[in-house]
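Each chain, letter by letter, is given below.
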Amino acid sequence: MIIRRRFLIVFAAFALLVVAPCPAPANSGDEGRFIESMAEKAIDLLTDLDRPRDERMTIFRGILNDHFAVEAIGRWVLGRYWNRATPEEKAEYLALFEDLIVVTYVDRFSEYAGEHLEIVGSETIGEADLMVHSLLKRPGDGQQVRVDWRVRAAGQGASYRIYDVIVEGVSMAQTQRSEFGSVISREGRSVAGLLDVLRRKTSDLGKTTR
Amino acid sequence: MSRNGIAWLGIFAATGLVLGACATPPPSDDPEAVADHERINDPLEPANRAIFFFNRGFDTLLLRPLAGFYGGLIPPPIREGVHNALANLQAPVILFNDLLQGETDRAWTTASRFAVNTTAGLGGLRDPATGMGYPRHEEDFGQTLATWGADEGPYLMLPLLGPSNSRDAVGIAVDFLVDPFNWWAHSTGRRAVAYARGAMRAVDLRARNDAILADLERSSLDHYAALRSLYRQRRADEIRNGGLDGPPDGPGTGRLDGPAPDPDAKVSRITDSF
């Protein structure tokens with residue numbers, strides 16, 4: 001019986017080690033694995049052009065909402081105009097913002113077949129953010145694209161959320177913010193004008209068949 | 001200066017006069033709008049947009065079809081050779097700027113690349129230097145001025161040459177003037193060769209970036225504004241020398257400070273929204 005008891009204690013200790021929830025994602029590799037698994041999943045599912053585009057869009061939307069802080073990015077992209085928008089405008093804007101990302105990027109992924117995202121490392125920036133550095137590698141000609149992911153732990157230390165993607169030094173959020181700002185000021189400084197343009201763009205891109 | 005050069009300068013000046021209208025600054029009682037206006041750094045926006053419109057016409061009518069033929073008809077190995085040769089011809093200018101920036105390691109890399117690729121690489125058609133530990137990098141006088149502390153100056157859309165700013169426009173002129181290839185072409189009366197090289201560079205660049213440019217045009221809400229933001233962020237990244245082609249022990253933190261044009265605190269803004 002002594003043996004069994006000792007076994008139980010060891011087993012309990014082991015289980016505690018494995019199952020015990022980490023207070024914070026202290027492991028520096030976690031955020032890298034988070035990005036890596038997301039990229040694998042996305043490249044796997046979205047480069048399969050046998051799937052109809054509608055189905056790929058649904059898959060992409062799922063991956064987007066599971067991994068990206070879409071609402072926070074959308075608010076930041078709208079910048080100071082967020083506070084000027086009515087509640088209805090805010091709701092429509094966030095829906096259109098998500099649609100725009102889906103219809104824009106779903107086709108880009110079709111070109112990533114066979115590519116592999118290699119995690120290079122990560123570092124802490126600011127108070128809460130981590131920057132995960134990666135290289136998108138093309139198998140044929142050895143060309144690679146530098147992609148950095150700004151991530152933050154998503155409460156409870158459970159997982160992460162992506163706040164920005166920076167390709168060769170170009171931040172997606174930054175580019176969109178500057179573009180949206182330009183549209184708003186050209187449309188008479190109104191969010192309604194931006195919503196018009198967004199509605200047209202998402203519907204045009206949504207119809208493209210590829 | 002040649003008669004041709006003076007004629008070009010005249011055209012530039014005339015374009016500047018005709019299109020010299022400045023962007024209307026936002027009403028001064030709206031400080032946030034004024035701050036946005038300053039951050040965008042594009043006081044000549046109406047003129048720039050007009051030149052962009054002209055450039056797009058030129059691209060649609062001439063450059064894109066040419067690049068399309070080039071990309072479609074010429075086999076990839078030949079295009080790769082042309083690209084390598086054009087890059088090799090650029091080496092003296094890159095070396096000049098490496099040295100002015102005090103980047104002795106990178107200068108050594110550039111000089112070695114030029115020596116290896118010009119000889120073993122058959123006049124630059126092939127690039128054996130990369131495999132020997134001398135990878136390619138770019139430098140130009142606009143970046144040199146930036147490392148010396150020069151501000152980018154107002155954003156400019158140059159006729160035919162595309163997105164730029166006053167600092168990088170000066171850089172283009174200086175790089176042109178110090179390029180030994182251009183001295184040679186000028187002194188031996190082979191100006192046509194210099195033009196041909198310029199045209200080849202444009203076609204090569206356009207063909208290589210065709211997919212990205214088409215995608216940008218297709219998906220952007222404001223093509224001009226998207227390109228402007230892209231150009232400024234890319235330049236800021238290039239001036240910081242990116243990261244991974246630098247020291248092998250990993251990227252520095254300098255490039256994580258966020259692009260210069262928009263230094264306001266993104267982190268705290270996003271936090272605020274929670």
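So, here's what we can say about the structure.

When its secondary structure is counted, chain A shows seven helices and five strands. Counting from the amino terminus, chain A carries its helices and strands in the arrangement α-α-α-α-α-β-β-β-β-β-α-α. Residue burial in chain A is summarised as follows: out of 210 residues, 45% are buried. Across chain A, the fraction of contacts at a sequence separation of at least 24, relative to all contacts at a separation of at least 6, is 53%.

Moving on, we get to the overall build of chain B. Helix and strand counts for chain B come out as 14 helices and two strands. A total of 274 residues make up chain B; the buried ones form 39% of that total. Intrachain contacts of chain B at a sequence separation of at least 6 include 61% that bridge at least 24 residues.

The subject of this paragraph is the packing of helix α2 (residues 30–46) of chain A against helix α3 (residues 53–67) of chain A. Residue and element names in this part refer to chain A. Between α2 and α3, the least distance of the axes is 10 Å, while the angle of their chain directions is 175 degrees. Classified by the interaxial angle, the pair formed by α2 and α3 is roughly antiparallel. Here α2 contributes F34, M38, K41, A42, L45 and L46 to the contact with α3, which in turn contributes R56, I59, F60, I63 and H67. Taken together, the residues that form the contact of α2 with α3 break down as eight nonpolar, one polar and two charged.

Glancing now at the nonpolar core. Soluble globular proteins: nonpolar side chains tend toward being buried together. Residues and elements named next belong to chain A. Counting 52 residues, the largest nonpolar core has Y93 and W149 as its most contacted members. The leading source of residues in this core is helix α5 (residues 87–108), at nine residues. The residues contacting Y93, other than those within four sequence positions of it, are G74, V77, L78, W82, F180, L194, L195 and L198.

What follows deals with the side chain of B:D237. Position of B:D237 among the secondary structure elements: in helix α13 (residues 223–239). Judged by relative accessible area, which is 2%, B:D237 ranks as buried. Filtering out sequence-adjacent residues up to four positions away, B:D237 remains in contact with A:R146, A:E168, A:G169 and B:G242.

Here the focus is the environment of B:L62. You can see B:L62 is positioned in helix α3 (residues 45–73). With eleven residues separating them along the chain, B:L62 and B:L73 place their C-alpha atoms 16 Å apart.

Pairing between side chains of opposite charge can happen when the charged atoms of each approach one another. A full pass over the atoms with the stated rule returns 40 salt bridges over all chains. A:R75 is paired through a salt bridge with A:E71; the nearest N and O atoms lie 3.5 Å apart. Residue A:R75 and its partner A:E71 are located together in helix α4 (residues 70–78), separated by four residues, close to a single helical turn. Judged by relative accessible area, A:E71 falls into the partly exposed class, the value being 41%. The partner of B:D237 in a salt bridge is A:R146, and the shortest N-O contact between them spans 2.6 Å. Placement of the pair is B:D237 in helix α13 and A:R146 in strand β3 (residues 144–154), with the two residues belonging to separate chains. Through salt bridges with shared partners, a single network forms among A:R146, A:E168, B:D140, B:R167, B:D168, B:R234, B:R235, B:D237 and B:E238.

Note: strands within a sheet are paired through backbone hydrogen bonds, in either parallel or antiparallel orientation. A sheet is described by the order of its strands in space; here five strands give the open sequence β1-β2-β3-β4-β5 (chain A), paired in antiparallel fashion. Across the chains shown, the open sheet's two edge strands, defined by having one partner strand only, are β1 (116–125) and β5 (170–171) of chain A.

We now examine the packing of aromatic side chains. Under the defined criterion, the tally for this structure stands at eleven aromatic pairs over all chains. Summarising the aromatic geometry, the rings of B:F141 and B:W148 are spaced 5.8 Å apart at their centres and angled 90 degrees between planes, so their arrangement reads as edge-to-face. Here the aromatic rings of B:Y155 and B:Y224 are separated by 6.2 Å at their centres, their planes lie at 80 degrees, and the arrangement is edge-to-face. Of this pair, B:Y155 sits in strand β1 (residues 155–158) while B:Y224 sits in helix α13, and the two are 69 residues apart along the sequence. On the basis of relative accessible area, B:Y224 is assigned to the buried category, the value being 2%. Cluster of aromatic residues (ring-pair linked, three or more members): A:W82, A:Y93, A:F97 and A:F180. Here A:R177 stacks its cationic end above the ring of A:W76, 4.3 Å away from the centre of that ring. Above the face of the B:F181 ring, B:R197 is positioned so that its terminal group lies 4.7 Å from the ring centre.

Once that is clear, we can look at the environment of B:L177. Residue and element names in this part refer to chain B. Here L177 shows up in helix α9 (residues 166–178). Residue class for L177 comes out exposed when judged on its relative accessible area of 57%. In sequence terms L177 and A225 are 48 residues apart; their C-alpha atoms lie 31 Å from each other.

Residues and elements named next belong to chain B. The topology assignment puts R167 in helix α9. Judged by its relative accessible area of 8%, R167 falls in the buried class. A distance of 3.4 Å separates a polar atom in the side chain of R167 from the backbone oxygen of G142. With sequence-adjacent residues up to four places away left out, R167 is seen in contact with G142, L145, A146, A150, D151, E152, R235 and I239.

Here we come to the pairing of strand β2 (residues 162–165) of chain B. Bridge count for β1(B) against β2(B) is four bridges, and the pairing is antiparallel. Bridge assignment links B:L156 to a residue of β2(B), and that residue is B:S164.

Analysis parameters
- Residues numbered from 1 in each chain as written.
- Chains lettered and ligands numbered in written order.
- Predicted model: local features only at pLDDT ≥ 70, side-chain atom pairs only at ≥ 80, totals over all residues.
- Heavy atoms only, no water.
- Helix = DSSP H or I, 4+ residues; strand = E, 2+ residues; numbered from the N terminus.
- Buried < 20%, exposed > 50% of the residue type's maximum accessible area, 1.4 Å probe, protein only.
- Contact = heavy atoms within 4.5 Å.
- Axes fitted to C-alpha atoms, helices over the stretch in contact; angles between N-to-C directions.
- Parallel < 35°, antiparallel > 145°, perpendicular 65-115°, else oblique.
- Nonpolar A, V, L, I, M, F, W, Y, C, P; charged D, E, K, R; others polar.
- Core = buried A, V, L, I, M, F, W, Y, C linked by side-chain atoms within 4.5 Å.
- Salt bridge = Lys/Arg side-chain N within 4 Å of Asp/Glu carboxyl O.
- Pairing = 2+ DSSP bridges.
- Phe/Tyr/Trp six-rings, centres within 6.5 Å; stacked < 30°, edge-to-face > 60°.
- Lys NZ or Arg CZ within 6 Å of the ring centre and 35° of its normal.
- Polar contact = N/O pair within 3.5 Å; in protein donor to acceptor, adjacent residues only side chain to side chain.

These results come straight from atomic positions and should not be treated as a statement about function.
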